[in-house]
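One letter stands for each residue in the lines below.
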Amino acid sequence: MKRLFPILAVTAAILLVYASYRALRIAPTDALQGDVYRIIYYHVPSAWTAFLLFFINFIASVQYLSRAKPSTRVAANWIVIAVGVVGGIAPFVPRVEHLLPPGMLPSSVATTFLLIPVFYFVLGKLFPGERMDMLAVTGAEVGVVFCTIVLVTGPIWARPVWGIWWAPGDIRLTSTLVLWLIYVSYLLLRRFSSSAQTQMLAAALAVFGALDVPLVYLSIWYFRTQHPQPVIGGSGSMDPRMLHTLLLSWTAFLCFAFLLCWSRFRLEILSRQVEEAQALESLVGARASNSPSMPLGRSSR
Amino acid sequence: MNAIKFLIAAYLATWVIHGAYIGTLVSRFSKLRQRMRDLETRK
C-alpha cells in the first residue's frame, strides 16, 4: 500500500492541474457572471466532497455505536437494510414521487438510499474494531477542511455576483455554517475530552450532525434562497463543457481527499501507538517504583 | 476585470487552506515520530 501512495499522489496532482487548466481556459465564460463563475469548479466539488466525507463519518459512527452490544449490531444491520430497501423502492411510488421537488429524479434518490447499506457493510468489512472509530475522525476532519473551503469561496463568489458577502437568513448558507460548526465541535470534543466515553459521545454527536447534510443539500430544492437553484438535475441547465469540467474537477478533488484521508488515518494509527507505548511505559514505571516496597510490606505483616 | 480578483482570491484561498492542513498533518506526524523514538530509546 505504501508504494501506491506516490502513484496516487502523482495521479491526483496531474488531475488537479488538468482540472484547473480546463476550469480557467477550456470551460466557456458564463453569459451572466463572466469569468468569476469559474469559482464553481472549486466551490461545488469541495461541497460534494465534504458531504461524502460527512456521510462516511456518519456510517462509521453508526457502525461504532452498533458494536457496543451484539444485539444492537444485529438490530442496526436490519435497520440499515430496511432503509436501503424502502428508500430504493419508495421514490417510485406515485404518492411519494409527487413529494419530490421538480427536476429531482426518483432514480437518483433511490440510488442514494441504496448506497447507505452498501457503504455500511463494505466499510464494516474494511475497518474492523477500533479502525472504524479512526475512520470516523478521519472523515470528520478532512470533511471540515473541505467545508471550510466551501464557506470561504462562497462569500468570495457572492460579493461580485450578489453584491454582498453573506445573505443572513438564507437557509442554504446558514445550514452549511451550522454543519461546519457541528463537525468542528465534534473534533473539539475528540481533541479535548479525556473521558472514557469520548468516542461514544462523539459518535452520537456525529449521527445527529449528519442529519444536517440532507437539510443543506435539499434546502435549495425546497426553498427559494439567495443561493442559486441546482443546475445539475434541477430546473437549470449547463453547457456540456462546463459539466465535464465540473465532474473532472470533482474527480480530482476526490483523489486529493482520498490522499488526505489516507495520511490522516495513518496519523491516527501512529497517535494511538504512541498513547499505548506511553501507557505501557507508565505502567512499567509504576511497577518498578512499587517493587522495592514489597519486602517491607511482607515484613511488616 | 475586478471580478477576476475574486476568482484568483477563491482559488488561492482553496490552496492556502489545503496547504495549511497538509502543514498541520506533517507537523503532527513529525511530533509523534519524535515521541515514539524517545519512548523507544528510554526502553
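Note that this is a predicted model, so its numbers are computed, not measured.

Peer 1: Sorry if this is basic, but what is going on with the overall build of chain B here?
Peer 2: Scanning chain B from N- to C-terminus turns up one helix and zero strands. Expressed as lengths along the three principal axes of its C-alpha atoms, the size of chain B is roughly 65 × 5 × 5 Å.

Peer 1: Help me out: how do you make sense of the packing of helix α2 (residues 40-66) of chain A against helix α6 (residues 131-162) of chain A in this one?
Peer 2: Each pair of packed helices can be summarised by the angle the axes make with each other and by the distance between the axes. Residues and elements named next belong to chain A. Orientation of α2 relative to α6, taken along the N-to-C sense of each, is 155°, at an axis distance of 7 Å. Taken together, the axis directions place α2 and α6 in an arrangement best described as roughly antiparallel. Handedness of the crossing formed by α2 with α6: left-handed. Of the residues belonging to the contact of α2 with α6, the class tally is 18 nonpolar, ten polar and one charged.

Peer 1: Looking at this model, I keep getting lost on the confidence of the model for chain A. Mind explaining?
Peer 2: Any segment with low pLDDT has predicted coordinates that should not be analysed in fine detail. All names here are of chain A. For chain A, per-residue confidence averages 88 on the pLDDT scale, and 94% of positions sit at 70 or higher. Within chain A, helix α11 (residues 293-300) has the poorest average pLDDT of any element, 46, and α6 the best, 95. Scored below 50 in pLDDT, residues 296-301 makes zero contacts in the model with residues more than four places away or belonging to other chains.

Peer 1: Please clarify how helix α7 (residues 171-192) of chain A should be interpreted in this entry.
Peer 2: Side chains three or four residues apart in an α-helix point the same way, a direct result of the helix having 3.6 residues per turn. All names here are of chain A. When the terminal C-alpha atoms of α7 are compared, their 31 Å separation across 22 residues agrees well with the 32 Å that a helix rising 1.5 Å per residue should span. For α7, every residue scored as buried is listed here: Arg172, Leu173, Thr176, Leu179, Ile182, Tyr183 and Tyr186. For α7, the elements touching its buried residues are α2, α6, α8 (198-210) and α9 (212-222).

About the criteria used
- Residues numbered from 1 in each chain as written.
- Chains lettered and ligands numbered in written order.
- Predicted model: local features only at pLDDT ≥ 70, side-chain atom pairs only at ≥ 80, totals over all residues.
- Helix = DSSP H or I, 4+ residues; strand = E, 2+ residues; numbered from the N terminus.
- Axes fitted to C-alpha atoms, helices over the stretch in contact; angles between N-to-C directions.
- Parallel < 35°, antiparallel > 145°, perpendicular 65-115°, else oblique.
- Left-handed = near helix turned anticlockwise from the far one by under 90°.
- Nonpolar A, V, L, I, M, F, W, Y, C, P; charged D, E, K, R; others polar.
- pLDDT = per-residue confidence, 0-100.
- Contact = placed C-beta atoms within 7 Å.
- Expected span 1.5 Å × (residues − 1).
- Buried ≥ 20, exposed ≤ 12 C-beta atoms within 10 Å, placed from the backbone.

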